[in-house]
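# Secondary and tertiary structure notes
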Amino acid sequence: DGLAYRLPAGNLTKMFAAPMSRWVEDHGGTILRGAEVSGIDRAHGEKRTTVKYARGGDTHEISAAHVIVATTPRAAAAMLPWVKAPWTELEPVTPVITMVLQLSGNLDQSPDARELGLSREYWTFSVLTDLSKYWPEFSAEKTGNKTVLRCEIGHANLLAGGVDADEAELVRMVKTDIDRLYPHAAPMKVEWAKVYRERKHLYTKWVKGAFQKKPEDRDCGKGVYLAGDWTTKGTIGM
């Protein structure tokens, strides 16, 4: 049913990340957040992996039998200098702006809770989601029967001002296109809007014909293995 699910809690961190983190720590693992990893190494014949990272302006090393590092292909390429593979050449996608806004009324023209994909060539936003349809925090009971929408503005670099575009102008542009998509929304006002500008933690892009860069062998040597998914939708998370 796409995104037509109802979460027991509106916060995914509480639902997934926090319980998973507790499980890892209860079983003797350590979780480091906000660290910028600069090196992964396991000497030949050794049973432990050494990871070098920076956090808070200081550099550190940690040694463990097993390490999982969540990073981008571009960053991984710098850490695996002994690997020369096509996937290391992929570049990050352009900056993305995410906006969540509440309208002054109920947008009943929005049919369901699925994400609506639109062409960035003709619309300000590339993805539009009616959070009021499935996110308990923004249900009609919580908002007074007012619709809350999430808009993803891909290719934010194409905007006037780029990813730092003026917030008031962003809201105006998004509302204009919401009215184009759902004429019933035209008389409604935007009661509040929150904008998040993502510059760094981006997916990786590939153009048509670049799917051959998918890694056939996940073993990078020295006890290091690629993880994550590789999709045919135009982006990968590694």
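None of these values were measured; they are calculated from a predicted model.

## Re the nonpolar core
L101, F125, V174 and I178 are the most contacted members of the largest nonpolar core, which has 23 residues in total. For L101, the contacting residues outside a window of four places in its chain are T147, V148, L149, C151, V174, I178, V190, W192 and A193. Residues M79, A85, L90 and V224 belong to the second largest nonpolar core, which totals 11 residues.

## A look at the pattern of salt bridges
All chains considered together, the criterion is met by 6 salt bridges. With a closest N to O distance of 3.1 Å, E152 and R150 form a salt bridge. Classification of E152 as partly exposed rests on a relative accessible area of 24%. K175 is paired through a salt bridge with D179; the nearest N and O atoms lie 2.8 Å apart. On the criterion of helical spacing, the pair formed by K175 and D179 is a turn pair, its members being 4 residues apart in helix α4 (residues 167-181).

## A few points about the side chain of S139
Relative to the assigned elements, S139 resides in the loop between β6 (127-130) and α3 (140-143). Overall, S139 belongs to the buried group, its relative accessible area being 12%. A polar contact is formed between the side chain of S139 and the backbone oxygen of P136, at a distance of 3.1 Å.

## Some points on the confidence of the model for the protein chain
Averaged over every residue, the pLDDT of the protein chain is 83; the share at 70 or more is 86%. Across the protein chain, the element-wise mean pLDDT spans from 49 in strand β13 (residues 235-237) up to 96 in α4.

## Here's the deal with the layout of surface pockets
Considered as a void within the structure, the largest pocket measures approximately 2100 Å³ in volume. Considering the residues around the largest pocket, the lining is formed by 50 residues, among which V37, I68, V69, A70 and T71 are closest to the centre. Broken down by secondary-structure element, the contributors of at least two residues to the lining of the largest pocket are α1 (12-26), β1 (36-41), β2 (49-55), β3 (58-64), α2 (73-79), β11 (224-225) and β13. Among the elements that line the lining of the largest pocket, the one with the most residues is α2, at 6 residues. Residues that form the lining of the largest pocket fall into these classes: 33 nonpolar, 11 polar and 6 charged.

## Things to note about the packing of aromatic side chains
Scanning all chains against the criterion turns up 2 aromatic pairs. Note on W123 and F125: the rings are 6.4 Å apart at their centroids and 25 degrees apart in plane angle, and the pair reads as stacked. With centroids separated by 6.4 Å and ring planes inclined at 40 degrees, the aromatic side chains of F138 and W192 adopt a geometry described as tilted. In this pair, F138 is assigned in the loop between β6 and α3 and W192 in strand β8 (residues 190-198), connecting sequence segments 54 residues apart. R180 extends its terminal NZ or CZ atom over the ring of W123, reaching a point 4.0 Å from the ring centre. Across the ring face of W192, the terminal group of K194 is positioned such that the distance to the ring centre comes to 5.7 Å.

## Examining the side chain of T49
If you trace the backbone, T49 turns up in strand β2. Those residues in contact with T49 that lie beyond four places of it in its chain are I40, D41, R42, I62, S63, A64, A65 and V67.

## Thoughts on the environment of V171
In this fold, V171 is placed in helix α4. Measuring from C-alpha to C-alpha, the distance between V171 and A193 comes to 7.4 Å, with 22 residues separating the pair along the chain.

## Here we look at the sheet that holds β1
Strands sit in the order β1-β2-β3 across an open sheet of 3 strands; the sheet is antiparallel. Across the chains shown, the open sheet's two edge strands, defined by having one partner strand only, are β1 and β3. In this sheet, neighbouring strand axes are inclined to one another by 20 degrees on average, regardless of whether the strands run parallel or antiparallel. As paired elements, β1 and β2 share 5 bridges and run antiparallel to each other. Residue pairing in the sheet places V37 in a bridge with Y53 of β2.

Procedures and definitions
- Residues numbered from 1 in each chain as written.
- Predicted model: local features only at pLDDT ≥ 70, side-chain atom pairs only at ≥ 80, totals over all residues.
- Heavy atoms only, no water.
- Core = buried A, V, L, I, M, F, W, Y, C linked by side-chain atoms within 4.5 Å.
- Buried < 20%, exposed > 50% of the residue type's maximum accessible area, 1.4 Å probe, protein only.
- Contact = heavy atoms within 4.5 Å.
- Salt bridge = Lys/Arg side-chain N within 4 Å of Asp/Glu carboxyl O.
- Helix = DSSP H or I, 4+ residues; strand = E, 2+ residues; numbered from the N terminus.
- Polar contact = N/O pair within 3.5 Å; in protein donor to acceptor, adjacent residues only side chain to side chain.
- pLDDT = per-residue confidence, 0-100.
- 1 Å grid on protein atoms, 1.4 Å probe; cavity = no way out; pocket = protein on both sides within 12 Å on 5 of 7 lines; lining within 4 Å.
- Points joined across faces, edges and corners; volume = space filled by probe spheres on them.
- Nonpolar A, V, L, I, M, F, W, Y, C, P; charged D, E, K, R; others polar.
- Phe/Tyr/Trp six-rings, centres within 6.5 Å; stacked < 30°, edge-to-face > 60°.
- Lys NZ or Arg CZ within 6 Å of the ring centre and 35° of its normal.
- Pairing = 2+ DSSP bridges.
- Axes fitted to C-alpha atoms, helices over the stretch in contact; angles between N-to-C directions.

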